[in-house]
Amino acid sequence: MTQDAINLLLTSSWWPSFIALAAGLVVGLVHFASLRRNAALYMEHGRVGGAILLQLARMSLLVLSLSAAAWLGVGPLLATALGVLIARAAVMSRFGRTL
């Protein structure tokens, strides 16, 4: 490694990526855990409006969190996306194929 690369690694701040990872985990857990309720609302007679609102809320939360992370840079964006993927795996292992 060159001296410039070493200095960059030593002086760069890692806390935004760690915060973004935690935020991605929370957003992912909310997003994927509410998927079960969203599907149930679609199946109930006369509850399509609520299902659409919940779907819009889920997608808006995900888009806003990823957009905010992208605004902070590539590291926080990737950390947020990783947090969402980890949360997806956690929710899928909890609920399995019944989700």
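See the structure above.
In this report, we go over the structure that sits alongside the text. (Residues numbered from 1 in each chain as written. Predicted model: local features only at pLDDT ≥ 70, side-chain atom pairs only at ≥ 80, totals over all residues. Heavy atoms only, no water.)

## Side note on the side chain of N38
The line we're drawing: Segments assigned H or I by DSSP are reported as helices when at least four residues long, segments assigned E as strands when at least two residues long, and all are numbered from the N terminus. Burial classes follow relative accessibility: with a 1.4 Å probe on protein chains only, a residue under 20% of its type's maximum area counts as buried, one over 50% as exposed, and anything between as partly exposed. Here a polar contact means two N or O atoms within 3.5 Å. Within protein one must be a hydrogen donor candidate and the other an acceptor candidate, and residues neighboring in sequence count only if both atoms are side-chain atoms. The criterion used for residue contact is that any of the two residues' heavy atoms lie within 4.5 Å.
Mapped onto the elements, N38 comes out in helix α2 (residues 15-43). Judged by its relative accessible area of 1%, N38 is buried. A polar side-chain atom of N38 sits 2.2 Å from a polar atom in the side chain of Q55. If we skip the residues at most four places from it in the chain, N38 touches A51, L54, Q55 and R58.

## Focus: the pattern of salt bridges
Any two side chains of opposite charge can pair, on the condition that their charged atoms come close. The criterion, for reference: Whenever Lys or Arg places a side-chain nitrogen within 4 Å of a carboxyl oxygen from Asp or Glu, that contact is recorded as a salt bridge.
Per the counting criterion, the structure on display carries 2 salt bridges. E44 serves as the salt-bridge partner of R37, at 3.6 Å between the closest nitrogen and oxygen. On the basis of relative accessible area, R37 is assigned to the partly exposed category, the value being 40%. For E44, a relative accessible area of 30% translates into the label partly exposed. Among the ionic pairs, R47 bridges to E44, the shortest N-O distance being 3.5 Å. Connected via shared salt-bridge partners are R37, E44 and R47.

So yeah, pure geometry; function would need other evidence.
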